[in-house]
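Residues per chain are reported as follows:
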Amino acid sequence: MLRRVLSLPSGRLAIGVLVLVAALAVLGPVLAPQDPLATSGTTLAGVSGSHWLGTDNLGRDVLSRLLAGSRVSVLGSVEVALVALVVGAVPGILSVYLGRTIEWLSLRLADTLVALPFLLFAVAVTALLGNGLTQAMVVTGVLVSPLFYRVSRAATLTVARSAYVESAVVAGASIGWVVRRHVWVKVLPPVAVALAQTVGTGFVIVSSLTFLGIGVQPPAPTWGGLLASDLGFLAYQPWAPLAPALLIMATVWACNVLADVVRDVSGEAGRALVAARGSRPPTHPSTPRTSGGVS
Amino acid sequence: MTSSTAVARTGLDLRRHRLLVARARHAGAGILVALARAVAIFVPVFVFATFITFALRSLSGLSPARIQLGENATPEAIARVESQWGLDRPFLVQYGHWFGALLHGDLGTSWVNGADISTLIGLGLGVSLSVATLALVIGVTGGFALGTLAALRQGSWADRAVTGFVTIASVMPAFVVGIVLVTVFAVGLEWFPSAGYAPLRTGVGPWLAHITLPALALSLDVVADVARQLRTSLVAAYRENYVVGAIVRGLGRRRVFWRHALRNAIGPPLAVLGLKFPALVGASVVTEWIFGLQGFGRFANDSAQAGDVPAVQGVLVVSIVLVVTFNLLVNLVLARVTPASQRGV
């Protein structure tokens with residue numbers, strides 16, 4: 001799969017950007033030229049040799065804060081995606097096999113989670129459950145998990161109804177064997193697409209939460225927090241939000257491109273994702289995801 | 001001769017009249033069926049969502065006693081306050097009581113200042129709904145215009161420009177758009193006020209001036225998604241045999257667009273609109289913070305930071321009601337425009 005993704009130029013570019021961002025997350029705090037919390041005499045300074053991206057309203061080096069803050073954003077978005085993967089994909093596969101009651105319940109629960117304005121919920125729950133980014137990410141992961149639920153359920157349904165699986169069941173194959181042997185292979189590509197998308201979504205959510213100052217303690221640098229502090233000084237430094245905003249956008253863009261590329265290279269699975277997201281071919285006008293989904 | 005034509009005409013009119021009545025009745029029944037089906041889907045969603053919302057208090061372990069009595073209150077005093085708020089009763093009894101009051105529009109009172117939460121939310125709702133409605137209007141008109149343009153001029157520079165815009169817009173979080181808009185149009189060009197709100201009764205001009213930038217910030221995402229979906233489905237619709245057939249029969253371009261292509265292509269963008277709405281409501285938390293609006297997203301953020309659980313629950317319930325209502329509407333429109341979308345739900 002990775003080789004096929006890398007065979008496309010857009011895939012190489014997306015992977016390149018993501019590797020760069022991951023490297024920032026790992027090495028960022030080390031690479032930071034100055035202490036991200038140390039203040040200097042010059043506040044709101046412009047670009048200079050000692051401060052490549054200038055200083056903020058307290059005289060702290062912006063580049064250092066950007067580098068030091070990358071770890072929170074990257075870790076947070078990966079956490080969101082992994083939680084959503086586990087919470088969504090496992091019930092998505094099982095809902096096909098565990099009887100009608102569980103199927104109905106899990107479908108309604110997925111409908112419910114989709115209907116919740118997740119940023120509002122993430123803000124509310126994080127603030128109420130204690131100001132930690134991990135809690136916030138777990139909650140957000142649960143809230144965005146319906147994507148994985150639908151994608152994996154749609155893929156499982158197509159497999160479960162196929163002739164080769166039916167003949168395997170007739171030949172005496174157990175559910176566990178069918179899932180391991182046949183379902184898994186079909187579920188993996190659309191889940192990979194969803195994973196790339198969700199990392200992008202997670203990035204936006206982490207940035208939004210840190211922008212509001214939720215999930216992190218004030219002096220700690222984050223990309224969202226950088227933007228928030230820039231907001232008060234736009235009259236003096238109108239270009240200040242550029243660097244963090246571009247970083248966020250480039251990362252989200254790379255995630256989206258990667259999702260598209262993975263979808264393209266895994267043909268049939270991509271179609272399962274398209275079907276699960278409610279945009280079927282126009283001969284069957286689409287139904288909104290909130291109304292029952294793929295059933 | 002003349003009388004026989006008259007008779008024939010009345011006969012024809014009668015038949016046409018009957019046909020119209022039958023068609024109207026059919027459409028009415030269709031709407032009713034769609035409504036019943038939508039309600040059957042949304043009632044469990046609403047109950048589930050309120051249950052999750054209510055469970056937040058137990059999960060958070062927060063108590064009004066902490067807020068009212070401070071950190072070093074005696075266990076007896078805490079117990080007294082908690083029983084005043086009815087928190088010593090079994091969980092399901094509390095939920096039943098809260099849900100019953102909620103159906104009457106009573107969201108309880110704030111832990112922080114004892115004010116009625118419905119009233120507090122009502123104060124901010126006008127701001128948020130103004131912004132959200134304008135954002136939807138911009139999103140729908142902009143999205144439809146761009147999507148149609150790109151689909152009808154497929155492969156042209158206009159199509160490429162729209163695709164480029166959609167790509168950029170879909171990676172810009174609402175708060176980044178908001179900051180850019182404030183920087184350019186409020187701080188730089190000073191065309192709009194950078195913060196605050198003016199109610200509609202102070203005049204349409206000031207009202208629009210205050211909500212335009214936040215609505216633009218919220219709508220960009222909607223514009224991008226609607227445009228992308230509409231382009232895809234319009235392009236696909238124009239490849240269908242019935243559209244080719246309509247063109248071959250010599251029907252005008254406009255008629256083919258409105259009656260054949262658009263009507264069949266409108267399903268996916270409408271469905272996307274229903275899905276986007278929760279995100280629109282959620283993003284209001286951030287945009288209201290940027291634009292200094294005392295709306296309902298701001299209220300949610302402030303209450304959550306203060307640990308005022310009933311207030312947060314109230315906001316969440318209101319947001320759920322908004323989302324569910326909006327999706328009901330979208331479903332009804334879908335049922336009217338593309339009856340086939342109601343099959344196989």
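Given the structure is predicted, the values throughout are model-derived calculations rather than measurements.

### Re the overall build of chain B
Summing up its helical and strand segments, chain B has 13 helices and zero strands in all. Each helix (α) and strand (β) of chain B, taken in turn from the N terminus, gives the series α-α-α-α-α-α-α-α-α-α-α-α-α. The globule rule puts the C-alpha radius of gyration for 345 residues at 20 Å, and the 26 Å found for chain B is more than 25% above it. Referenced to the eigenvectors of the C-alpha coordinate spread, the extents of chain B come out at roughly 100 × 55 × 40 Å. Residues counted as buried form 46% of the 345 residues belonging to chain B. As displayed, chain B has an accessible area near 16,900 Å², and 65% of this comes from carbon and sulfur atoms.

### Some thoughts on the overall build of chain A
Check the secondary structure of chain A and you find 12 helices and zero strands. In sequence order, chain A lays out its α and β elements as α-α-α-α-α-α-α-α-α-α-α-α. Out of the 295 residues belonging to chain A, those deemed buried represent 55%. In chain A, of all internal contacts separated by at least 6 residues, the share reaching a separation of at least 24 is 72%. Per element, the accessible surface of chain A, about 12,200 Å² overall, is 69% carbon and sulfur.

### Some thoughts on the UniProt feature "domain: ABC transmembrane type-1" (unreviewed entry) in chain B
What UniProt calls "domain: ABC transmembrane type-1" (unreviewed entry) maps, in this numbering, to residues 125-334 of chain B. As annotated, residues 125-334 of chain B has a helix share of 83% and a strand share of 0%, and its two end C-alpha atoms lie 27 Å apart.

### So, the interface of chain A and chain B
Of the residues lining the interface, 52 residues belong to chain A; the matching set on chain B comes to 61 residues. Buried surface at the junction of chain A and chain B, both sides included, amounts to about 4,800 Å², of which 80% is carbon and sulfur. Linking chain A to chain B there are zero salt bridges. Taken together, the connections running from chain A to chain B amount to zero residue pairs in polar contact (both at pLDDT 80 or more). At the level of secondary structure, the elements contributing two or more residues to the side of chain A that touches chain B comprise α4 (100-115), α5 (118-129), α9 (175-211), α10 (223-231) and α11 (242-265) of chain A. Of the residues assigned to the side of chain A that touches chain B, the class counts are 36 nonpolar, 12 polar and four charged.

### Considerations on the confidence of the model for chain B
With 91% of its residues at a pLDDT of at least 70, chain B reaches an overall mean of 80. At the level of chain-chain contacts, confidence expressed as ipTM amounts to 0.73, with global pTM at 0.76.

### Details of a positive patch on the surface
All names here are of chain B. Together, Arg-249, Arg-255, Arg-259, Arg-263 and Arg-336 line one region of the surface with positive charge. Top contributing element to the positive patch by residue count: helix α10 (residues 253-265), with three residues. Within the secondary structure layout, Arg-249 lies in the loop between α9 (241-248) and α10. Owing to a relative accessible area of 58%, Arg-249 belongs among the exposed residues under this scheme.

### Structural notes on the packing of aromatic side chains
This model, assessed by the stated rule, comprises 10 aromatic pairs over all chains. Each ring, one from Phe211(A) and one from Phe175(B), has its centre 4.9 Å from the other, and the planes form 25°; the classification is stacked. Residue Phe211(A) is located in helix α9, and its partner Phe175(B) is located in helix α7 (residues 174-188); the two belong to separate chains. The burial state of Phe211(A) is the same as that of Phe175(B); both residues are buried. Judged by centre distance (5.1 Å) and plane angle (75°), the ring pair of Phe257(B) and Trp258(B) falls under edge-to-face. Pairwise contacts between aromatic rings join Phe46(B), Phe51(B), Phe54(B), Tyr95(B), Trp98(B) and Phe99(B) into one cluster.

### Digging into the environment of Ala261(B)
All names here are of chain B. By the secondary structure assignment, Ala-261 is in helix α10. Sequence separation between Ala-261 and Ala-236 is 25 residues, and the spatial gap between their C-alpha atoms is 8.9 Å. Not counting residues up to four positions away in its chain, the partners in contact with Ala-261 are Leu-234, Ala-237, Tyr-238, Val-243 and Val-256.

### Comments concerning α5(A)
In this model α5(A) runs 16 Å from its N-terminal to its C-terminal C-alpha over 12 residues, within 8% of the 16 Å that 1.5 Å per residue would give. For α5(A), the set of buried residues is Leu119(A), Leu120(A), Phe121(A), Ala122(A), Val123(A), Ala124(A), Val125(A), Thr126(A), Ala127(A) and Leu128(A).

### Brief notes about the UniProt feature "transmembrane region" (unreviewed entry) in chain A
Mapped onto the present numbering, the UniProt feature "transmembrane region" (unreviewed entry) falls at residues 12-32, 80-100, 112-134, 154-179, 191-216 and 236-259 of chain A. Between the end C-alpha atoms of residues 154-179 of chain A the distance is 14 Å, and the span holds 77% helix and 0% strand.

### Details of the pattern of salt bridges
Between side chains of opposite charge, a pair can form when the charged atoms approach closely. Residues and elements named next belong to chain B. Applying the stated rule across the entire model yields eight salt bridges over all chains. The salt bridge involving Arg-231 is made with Asp-159; its shortest N-O contact spans 2.8 Å. Separated by 72 residues along the polypeptide, Arg-231 in helix α8 (residues 204-238) and Asp-159 in helix α6 (residues 157-170) bring together distant segments of the chain. When its relative accessible area of 23% is taken as the criterion, Arg-231 is described as partly exposed. With a relative accessible area of 5%, Asp-159 lands in the buried category.

### Here's the deal with the UniProt feature "transmembrane region" (unreviewed entry) in chain B
Residues and elements named next belong to chain B. Per the UniProt annotation, the sites labelled "transmembrane region" (unreviewed entry) are residues 27-56, 120-152, 164-187, 207-224, 270-291 and 311-334. Here residues 207-224 runs as 100% helix and 0% strand, with 26 Å between its end C-alpha atoms. Across residues 270-291, helical content stands at 95% and strand content at 0%; the span's end C-alpha atoms are separated by 29 Å.

### Quick word on the packing of α9(A) against α10(A)
What describes two packed helices is the angle between their axes and the distance between those same axes. Residue and element names in this part refer to chain A. The interhelical angle for the contact between α9 and α10, taken along N-to-C directions, is 45°, at an axis separation of 7 Å. It follows from the interaxial angle that α9 and α10 lie oblique. By crossing handedness, the relation of α9 to α10 is classed as right-handed. Between α9 and α10, the contacting residues are Phe-203, Ser-207, Thr-210 and Phe-211 on the first element and Trp-223, Gly-224, Gly-225, Leu-227, Ala-228 and Leu-231 on the second. Tallied by class, the residues present in the contact of α9 with α10 amount to six nonpolar, four polar and no charged.

About the cut-offs
Per chain, residue numbering runs from 1 following the sequence as it is written. Note on labels: chains are lettered from A, ligands numbered from 1, in written order. In keeping with the predicted nature of the model, local features appear solely for residues at pLDDT of at least 70, side-chain atom pairs appear and are counted solely at 80 or more, and the whole-chain, interface and lining totals rest on all residues. For side-chain calculations, the full set of non-hydrogen atoms in the structure is used, while hydrogens and water are omitted. Helix and strand assignments come from DSSP, with helices taken as H or I runs of at least 4 residues and strands as E runs of at least 2, each series counted from the N terminus. We compute the radius of gyration over the C-alpha atoms and compare it with the globule rule, which gives 2.2 Å times the number of residues raised to the power 0.38. Classification of residues uses two cut-offs on accessible area relative to the type maximum, computed with a 1.4 Å probe and protein chains only: under 20% is buried, over 50% is exposed, and between them is partly exposed. In short, Shrake-Rupley with a 1.4 Å probe defines the accessible areas, and a residue's cover is counted only from the protein chains shown. By definition in these notes, contact holds between two residues if any of their heavy atoms fall within 4.5 Å. UniProt positions are given in the numbering used here, feature names are shortened, and annotations may be inferred rather than shown by experiment. In short, buried area is how much 1.4 Å probe accessible area vanishes from two parts on joining, totalled over both. In what follows, salt bridge is the name for a side-chain nitrogen of Lys or Arg lying within 4 Å of a carboxyl oxygen of Asp or Glu. A 3.5 Å cut-off defines polar contacts: any pair of N or O atoms within that distance qualifies, except that in protein one atom must be a possible hydrogen donor and the other a possible acceptor, and neighbouring residues in sequence count only when both atoms are side-chain atoms. For this classification, Asp, Glu, Lys and Arg are treated as charged, while Ala, Val, Leu, Ile, Met, Phe, Trp, Tyr, Cys and Pro are nonpolar and the rest, including Gly, are polar. Here pLDDT means the predictor's own confidence in every residue, given as a number from 0 to 100. Each patch is built from residues lacking any salt bridge and having more than 30% relative accessible area; the joining distance is 9 Å for like charges and 5 Å for nonpolar side chains (Val, Leu, Ile, Met, Phe, Trp, Tyr). Asp and Glu are treated as the negative residues and Lys and Arg as the positive ones, with His and the ends of the chain left uncounted. By convention, the charge on Lys lies at NZ, on Arg at CZ, on Asp at CG and on Glu at CD. Centre distance within 6.5 Å is the pairing criterion for rings of Phe, Tyr and Trp, where only the six-membered ring of Trp is used; planes under 30 degrees apart are then read as stacked, over 60 as edge-to-face, and the remainder as tilted. Expected span, for any helix, means 1.5 Å times one less than how many residues it has. In this analysis an axis means a line fitted to C-alpha atoms, helices contributing only their contacting stretch, and an angle means the value between N-to-C directions, from 0 to 180 degrees. Oblique is the label for any angle not under 35 degrees, not over 145, and not in the 65 to 115 range, which are roughly parallel, roughly antiparallel and roughly perpendicular in turn. Whether a crossing is left-handed or right-handed is set by the direction in which the near helix is turned from the far one by less than a right angle, anticlockwise for left-handed and clockwise for right-handed.

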